[in-house]
Structure formats: C-alpha cells, structure tokens
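Residue-level structural notes
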Amino acid sequence: MSAYVAYINGLVKDVLARTPNVVSFGQNISTGSCLSGLTRGLPEGDGRLTVNTPNIENTQTGIGFGLMVEGVNGIFCLKQQDFLLLGIDHLVNSWNAIRSRNPQASFTVMAIVVDNGFEGPQSCLNNLPDFCSISRIPGYTISGKTDADRVIGRHLVAPGVRLIAVSQRIFRDEIIVPAGPETVVDEENEIVRYGNGDDLSVVAMNFALPQALQAMAGAKERGLEASLFTIAAAMPTRWDAIVDHVGKSGRLILLDDVKSLNRPSDRLLLDVAVRQKQARVHAVRRTADDSWAQPNADHLDINIETVFKEIGL
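The following refers to the structure shown. (Residues numbered from 1 in each chain as written. Predicted model: local features only at pLDDT ≥ 70, side-chain atom pairs only at ≥ 80, totals over all residues. Heavy atoms only, no water.)

**A closer look at the nonpolar core**
If you look at the biggest cluster of nonpolar residues, it comprises 57 residues, and the most contacted ones within it are Tyr4, Ile8, Ile142, Ile152 and Leu163. For this core, the element with the most residues is helix 1 (residues 4-17), which contributes 8 residues. Leaving out residues up to four positions away in the same chain, Tyr4 has contacts with Ile142, Ser143, Val166, Ser167, Ile170, Phe171, Asp173, Glu174, Ile175 and Phe207. Core analysis: the next-biggest nonpolar cluster, separate from the first, contains 23 residues, Tyr194, Leu255, Ile304 and Phe308 among them. (Core = buried A, V, L, I, M, F, W, Y, C linked by side-chain atoms within 4.5 Å. Buried < 20%, exposed > 50% of the residue type's maximum accessible area, 1.4 Å probe, protein only. Helix = DSSP H or I, 4+ residues; strand = E, 2+ residues; numbered from the N terminus. Contact = heavy atoms within 4.5 Å.)

So this is what it looks like as structure tokens:
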C-alpha cells in the first residue's frame with residue numbers, strides 16, 4: 001500500500017484519464033511540489049488541461065462555476081482550506097444563481113486541510129461542515145483507503161458541485177485500511193462499517209480515524225467485539241445505521257476533530273440521546289480556545305483509560 005497523498009493522487013489521475021473535458025486549476029498544481037504531490041502528473045489532452053493560476057481564490061472559485069455553466073468540468077485545487085474563505089461569495093451566491101439550472105457539468109473544490117500543527121493562525125482552518133452549511137454544497141473528507149476510493153471514484157467529476165478535503169497531517173503516512181469486514185451501510189452519506197462486533201460502537205468523523213483506531217485497539221484489549229463506523233460526508237442527512245447499532249451495543253465512542261462549533265456530530269449525539277436513551281456515550285472532540293489563533297500542536301488527543309471509564313468499561 002502507498003502513502004495517503006500518493007494513493008489519492010493515483011486515484012485522481014485514474015479518474016481524469018477516463019474523463020475528457022476537465023480543467024484542473026490552482027496555484028502551483030503542476031510545478032514545484034504540486035501541492036506536496038497531491039496534483040502531480042495530472043493527465044492532459046482530449047480536452048483535459050492543467051492550469052497554474054495566481055493566488056486569487058475568489059476569482060478561481062468563480063471560474064469553476066463559469067466552466068460549469070459552459071458545460072466544462074472543473075477541479076479547483078487549493079493548498080490550504082483557509083484560502084477558500086475568499087471564495088465564499090461564489091460558493092453561496094453564484095451557486096444559488098446556478099443551481100436551479102440543474103447543470104450537468106462538474107465543479108469540485110479539493111482543499112488541503114493544514115492540520116499538522118504549528119502553522120499559525122492563517123494555516124489551520126479545519127471547518128468543512130461550515131462551508132457546506134452556508135453554501136448548501138455537499139462535502140467529503142478522506143481519511144482512509146475506502147474513503148478515498150469512494151469519494152474520488154464517485155464524486156470527483158460527477159455532475160454538480162462538491163467540496164473535498166484531505167488531511168495534511170497524514171500525507172506521508174501509509175493509507176489507512178481498518179481491519180475487519182467492510183460494509184457500506186449508507187451510500188448517500190458514505191458511511192462505512194468495519195467489523196461486525198456488537199459490544200461497542202465506535203464512530204470516526206472528519207479526520208479522526210487514527211484516534212478511532214486507538215479506541216478499537218482499546219476495545220480489543222478489553223475483550224470486546226466492536227464495530228467502527230467512518231463517515232466521509234461532511235453534513236450527513238441521517239445516522240440510522242449507527243443509531244441502530246448503538247441500540248445493540250449500548251455504548252458509543254465518538255471521535256471528531258473538526259473545529260466547527262456547529263458540529264454535525266452534535267446532531268448524531270442528539271439522535272442517539274433521543275432514540276437510545278440507555279446508551280453510555282463518550283465523545284472526544286475539540287474544545288475551542290485561543291490557542292487556535294497561534295502556532296500549536298493542533299491535535300485531537302485521546303485518553304483511552306478515560307474514554308472507557310466514561311462508558312462503564
């Protein structure tokens with residue numbers, strides 16, 4: 001298996017090689033490091049172009065919608081999710097003006113989330129659900145191999161608009177393949193279940209898959225048969241598969257490293273509280289503080305002993 005960024009790059013190239021009429025654009029996407037390898041070697045010809053642009057994100061976002069209106073597929077690649085703030089007007093207002101036309105071309109914004117720490121206040125945004133909420137555009141995060149296969153394979157050049165986020169923290173790590181049987185339990189929301197144990201439900205959201213694997217290891221040490229659920233959709237529309245499993249297991253560990261204060265994981269916890277009142281639940285999530293505005297480790301830490309104590313194990 002290859003490193004995370006190399007694996008995603010390979011998938012993107014494979015999809016583009018099969019898809020004519022695609023313009024990929026962004027700052028230094030085919031020069032220098034090619035966004036640390038994410039966009040290296042994108043295929044050209046047969047209507048495929050790779051265009052290096054200036055650092056003008058508002059204009060670039062508008063270009064993507066303009067290409068879509070003209071029936072041309074576009075992929076806008078950003079080296080930092082932070083810069084997409086400059087395109088918010090187009091994501092909200094331009095898309096509102098276009099969406100009723102039911103465009104059949106594709107526009108994808110693929111942004112790197114700078115979450116590896118000690119980067120400073122303008123290089124630490126990790127808020128994909130906020131972008132999706134205000135724009136009403138679907139979004140997806142890629143944490144492991146199945147996320148990558150499904151998100152890139154199903155959504156990269158599909159008709160319509162979407163936002164895709166990748167994690168810089170794990171760029172050089174081997175792509176994660178969780179153990180156990182793998183089942184897609186919700187196609188629309190890209191929810192995948194690993195394992196078939198009913199003693200414990202573990203849920204990973206945003207880029208918290210590594211921490212979720214720590215929780216799964218803790219369950220195994222305690223002799224528990226657990227199931228791990230990953231959710232690639234940034235704004236899921238339902239949680240039935242997870243909530244039903246919590247009804248069987250009676251215990252939920254939720255891990256979410258997003259920095260949004262209006263979190264989709266809040267809605268999952270509410271749904272569990274309403275429908276599975278007897279379940280023991282512990283959530284490991286971010287607590288907003290002023291350290292986010294200065295260089296810091298920018299890491300979601302998990303204390304295994306505390307987590308299992310909170311759910312009565």
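There is more to say after this.
**Notes on the sheet that holds strand 11 (residues 251-256)**
Read across the sheet, 6 strands follow the order 7-8-10-9-11-12 without closing on themselves; strand pairing throughout is mixed. Each edge of the open sheet is held by one strand with a lone partner, namely strand 7 (182-186) and strand 12 (280-285). Taken over all neighbouring pairs, the strand axes of this sheet differ in orientation by 20° on average, direction set aside. On the sheet, helix 7 (residues 240-249) packs against strand 7, strand 8 (191-194), strand 9 (200-205), strand 10 (226-231) and strand 11 and is oriented at approximately 150° with respect to strand 9. (Pairing = 2+ DSSP bridges. Axes fitted to C-alpha atoms, helices over the stretch in contact; angles between N-to-C directions.)

**A short note on the sheet that holds strand 4 (residues 106-113)**
Here we have 6 strands laid out as an open sheet, ordered 2-1-3-4-6-5, and parallel in their pairing. Two strands bound the open sheet, and with one partner strand each, they are strand 2 (49-52) and strand 5 (139-142). For this sheet the average axis-to-axis angle between neighbouring strands, irrespective of direction, equals 20°. Pairing geometry for strand 3 (residues 73-78) and strand 4, over 5 bridges, is parallel. When the bridges of strand 4 are listed, Leu78 appears paired with Ala111. In the packing of helix 1 onto the sheet, the strands contacted are strand 1 (22-26), strand 3, strand 4, strand 5 and strand 6 (160-167), and the crossing angle to strand 6 comes to about 155°.

**Notes on the layout of surface pockets**
When its volume is computed, the largest pocket comes out at roughly 280 Å³. If you go around the largest pocket, you meet 15 residues; those closest to its centre are Ala179, Gly180, Met216, Lys220 and Ala226. Residues that form the lining of the largest pocket fall into these classes: 9 nonpolar, 4 polar and 2 charged. (1 Å grid on protein atoms, 1.4 Å probe; cavity = no way out; pocket = protein on both sides within 12 Å on 5 of 7 lines; lining within 4 Å. Points joined across faces, edges and corners; volume = space filled by probe spheres on them. Nonpolar A, V, L, I, M, F, W, Y, C, P; charged D, E, K, R; others polar.)

**Description of the pattern of salt bridges**
Scanning the entire structure with this criterion turns up 16 salt bridges. Salt bridges here are not isolated pairs; linked through shared partners, they connect Arg150, Arg154, Glu187 and Glu190. (Salt bridge = Lys/Arg side-chain N within 4 Å of Asp/Glu carboxyl O.)

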